[in-house]
Amino acid sequence: MKFTKPAWVMHKGEYSSKTDHDTKRLSIFSVHVHPDGSRIATGGLDAKIRIWSTKPILNHASEMSNRPPKSLCTLSMHTGPVLTIRWAHSGRWLASGSDDEIVMIWDLDPSGRGKVFGSNEVNVEGWKPMKRLPGHESDVTDLAWAPEDRYLASVGLDSVVLVWCGYTLERLRKLDQHQGFVKGVCWDPVGEFMATQSDDKSVKIWRTTDWQLEAEIRKPFEDSPGSTFFRQFCSWSPDGAHITASNATNNKGFVFIAAVITRGTWTSEISLVGHENTVEVAAYNPHIFLRNPASPIATSNICSVVALGADDRSISIWQTKSARPLIVAREVFERQIMDLSWSWDGLTLYAASSDGTIAVFHFDPEELEGIAPHSAQEQYLHKFGFVPPPTPEGFSHGTHSTNAASASRITPPPSPNRAQSQSQSGFGASNGINGAEHINKLVAKKSNKKRVQPVLMSSVPSASTSRSALVSTSALPPSAGLGSRAFQVPEIPRSRQASHSASPVPSPRTYDADIEMGGPMDMDVPIDALDTSMSSANKGKRKASVLDTPEDRPSKPRTLGGDRPRETVAVREITSTSLVSTRPHLFEGANLLPVPPLLTFLSANVEGSDFVFEARNSEGDGATEVTFADGKQTLWLDYLPSPVLALTASTTFCAAASQDGSVNVYSHTGRRLMATLSFGSPCAMIHGCKLALMILTASGQLTSINVKNVASFFPPTSVAPLLSSSPNCTILSATVRHNGAPMIHCSSGIAYTYDAQLFSWTKLSERWWAEGSDVWQGRQRANKDKDVVASIEGAIGSTNISAPHKERPTWWNTALTLGHLESKLHAAKALDSALEYKQALLIYARKLADEGFRAKAEELIKELFGPIFWRPGGRDDSWTPVVAGMAKRDLLREVLSVFVRSKTLTKLALDWQDTLKKASSDDQL
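A. Representation of the overall build of the protein chain within the structure. When helices and strands are tallied, the protein chain shows 15 helices and 53 strands. Per-residue burial for the protein chain yields a buried fraction of 53% across its 925 residues. Relative to all contacts within the protein chain whose residues are 6 or more apart in sequence, the contacts with residues 24 or more apart total 58%. Accessible surface, the protein chain: about 42,100 Å² in total, of which carbon and sulfur atoms supply 52%.

B. Focus on the sheet that holds strand E8 (residues 82–87). Strand order in this open sheet of four strands is E8-E9-E10-E13, and the pairing throughout is antiparallel. Two strands close off the open sheet at either side, each with one partner strand: E8 and strand E13 (126–133). Averaged over all neighbouring strand pairs, the angle between strand axes comes to 25°, with direction disregarded. Examined bridge by bridge, E8 and strand E9 (residues 93–98) share five bridges and lie antiparallel to one another. Paired with Thr84 across the two strands is Gly97, which belongs to E9.

C. Structural view of the nonpolar core. Grouped together as the largest cluster of nonpolar side chains are 47 residues, with contacts concentrated most on Tyr837 and Phe899. Listing elements by their share of this core, those giving two or more residues are helix H10 (788–798), helix H11 (812–830), helix H12 (834–851), helix H13 (854–865), helix H14 (888–899) and helix H15 (906–924). Here this core takes eight residues from H12, the largest share from any one element. If we ignore the near neighbours within four places in the chain, the residues touching Tyr837 are Leu825, Ala828, Lys829, Val883, Ala884, Met886 and Leu891.

D. A look at the packing of aromatic side chains. Under the counting rule described, the total for this entry stands at 21 aromatic pairs. Each ring, one from Phe714 and one from Tyr754, has its centre 4.7 Å from the other, and the planes form 35°; the classification is tilted. Residue Phe714 is located in the loop between strand E46 (711–712) and strand E47 (717–718), and its partner Tyr754 is located in strand E50 (residues 750–755); the two are separated by 40 residues in the primary sequence. For Phe714, a relative accessible area of 4% corresponds to the buried category. Where Trp811 meets Phe853, the ring centres are 6.4 Å apart and the plane angle is 45°; that geometry is what we call tilted. With Trp811 in the loop between H10 and H11 and Phe853 in the loop between H12 and H13, this residue pair connects regions lying 42 residues apart in the sequence.

Each value, and the rule that gives it
Residues numbered from 1 in each chain as written. Predicted model: local features only at pLDDT ≥ 70, side-chain atom pairs only at ≥ 80, totals over all residues. Heavy atoms only, no water. Helix = DSSP H or I, 4+ residues; strand = E, 2+ residues; numbered from the N terminus. Buried < 20%, exposed > 50% of the residue type's maximum accessible area, 1.4 Å probe, protein only. Contact = heavy atoms within 4.5 Å. Areas by Shrake-Rupley, 256 points an atom, 1.4 Å probe, with all protein chains shown as cover. Pairing = 2+ DSSP bridges. Axes fitted to C-alpha atoms, helices over the stretch in contact; angles between N-to-C directions. Core = buried A, V, L, I, M, F, W, Y, C linked by side-chain atoms within 4.5 Å. Phe/Tyr/Trp six-rings, centres within 6.5 Å; stacked < 30°, edge-to-face > 60°.

Put into structure tokens, the structure is as follows:
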């Protein structure tokens, strides 16, 4: 399992976009994953919906390269905090609920990209408000789409449940039998029932055939807390057998549980026990699981996986075949957990918190044993024999279907031809045949050309507007090929978007509508629901425009050498004396490090992208060439006077080190970022990371340069002291961090860095700690970018030679463990590794608490707290409020929470907690 908390997923304060350093995180109330797993949507206190790409969250290389972009879109039509968001199962629509009492349905807008009004943010893709669903008289707290998106249910603090048609988005039912705030709703995967949970301490089960009450469950909630808790999310298992409901208790309210309600009997005999505070959120994995994968699909062989989030800031994951949780993650957040969402593949769990962050748990398939495909779930659900009402004629959500005829239709805009009385009230009982909703077809009128206007709130159709208002405000996208027939849309290839989308909202541009709607829109993160093939009957029907003429099409930008394909060269070592050393007498006897062999071809990949930086050395009298390529195409090239020995490429620059001791630094467009560097000695090792470039010459001189500022991080220094520390010591690797700190790994089992403030080499880690430290991780694999100190220890540990067992003094392990942790803190600080610094600090605090070392603990507290009356720019500049990019006093809060649970440091921690609280309140005055 991989765990991550992407710091860039956030809802910002009102003015924080201009001052990122002082960014204030606002609460995130809801998170939901798109059915194809490509993006997530979050709703927050800033009254905005933000859509994020998931690839940078799950793939570190993608995160570093910002490909695809992290933030895809910001939606800001709500006037109050967005409390709940849910993607439709088809992936085409997004529903949101807010404390402005409105449910909003959003649809993809191919022309909606661009700068967000009133901020510096840019929308990579556009989503437009398709329809407003008014009807609630207070905050909308939860939403849920029924199977196949047949219905949409919304619940709120007005104690009402509203059921909307999933096709026309008109109100079908108002259920008002709850006596308290309704805070959770979920659908039976079979489609037969709907469950709602309320502060009236009940879960009600409703039949979807007649919307009458099937059952009411009260027992697990009799002693539950009242309406002080914001969330009460329930979830239905994918096999239809159970509902897991939050905010339940046992033992007269003293034991917090999640109640598991059994289908049919509607009783709760099973409890999930272990959380130390109220369980607020429950979310089932969308897959069914087989107890024995080798056995056939049967009730006795099926189980489910459910995740719980509680007010104790912990998340637990349970499998119904086991009495104990699979995983318990404690103190994941600083505040309560607000929402949980599983990806459709069942391998990733997203969690949101009111502290303004999200957490992501990504599992390997082997970790979730017995996971079955969705086809197995569909096969199993047939046993219930429930037949839902037929789909209204002319409507389909276009979910994954192999039938070309059905796949060529998507849901049209809401019909303006519904009866006026039902349009206004939404609670009419007039259904069509067999209980289906009576729905009229929408007819699109032919229009030659239309100048469209910006979207206003009044132009967004509302489910409660009258028929005449709908007709006047629901401007339809023009289409030369539709005529007067029923509104049907052909499936659209990935490179195009649904230009005639299921929306009556005009496009916010003033282009020729025919050109705009037929033109391509490349998406950085394509949506699978739109990745379909255009039917042969509709091919070639887009209106021709002036852009279709070959001479007017935009040509590819011209670059130096960009007109030739990328060539492959055999890699051979060049042994010609005329090329190997042009002036050998300059370097004889001066080399501390070996010079790399001269090769015919070298390459360096740009992390997280397909870009590659290459060099070609001629074996004869030909020129030395460097190229920058993307896939099979050369983007630019350059020629150098001396053969290239080594290359490096980062996300911002690339550099080539030549045999004559020179180094050329280029941008990704081929522009030289600085004058050619000359070191007087060939390069032995070169490495780049973001804006930092490190060159280590054969003579032993190390230089670290900030490429952006064209300045050195510290004066050039020699590595000779490192090599003289032990006989026959060699340098195994030399790399650089983004802050310019070099990392030198020696064969002696020691890793060094250079401290620019101390003007001295310092040890990052060494094999010595493995002799007795309890926290040595020498054999553990680690991410080289995120867990840099752990990766250093892993490299040192991999060369470890086991020593015979020796008798050790009494305090040996304790001394080495504390020493190792203190050394690790300094290493993480030097390498600017914030996460590792925080982890090491908390482990160090627990060790001090376990041992009861009060003096060390008090000294640590004072170092993190600083002067009591410290102010920025004051006289006392010896103390800095930040370490490794984190506020020291924020770290102190977590350290004190560790100390307060110990047996010996509780009083000390409580006193300092009071002092910290007073200091924080004084800072806010």
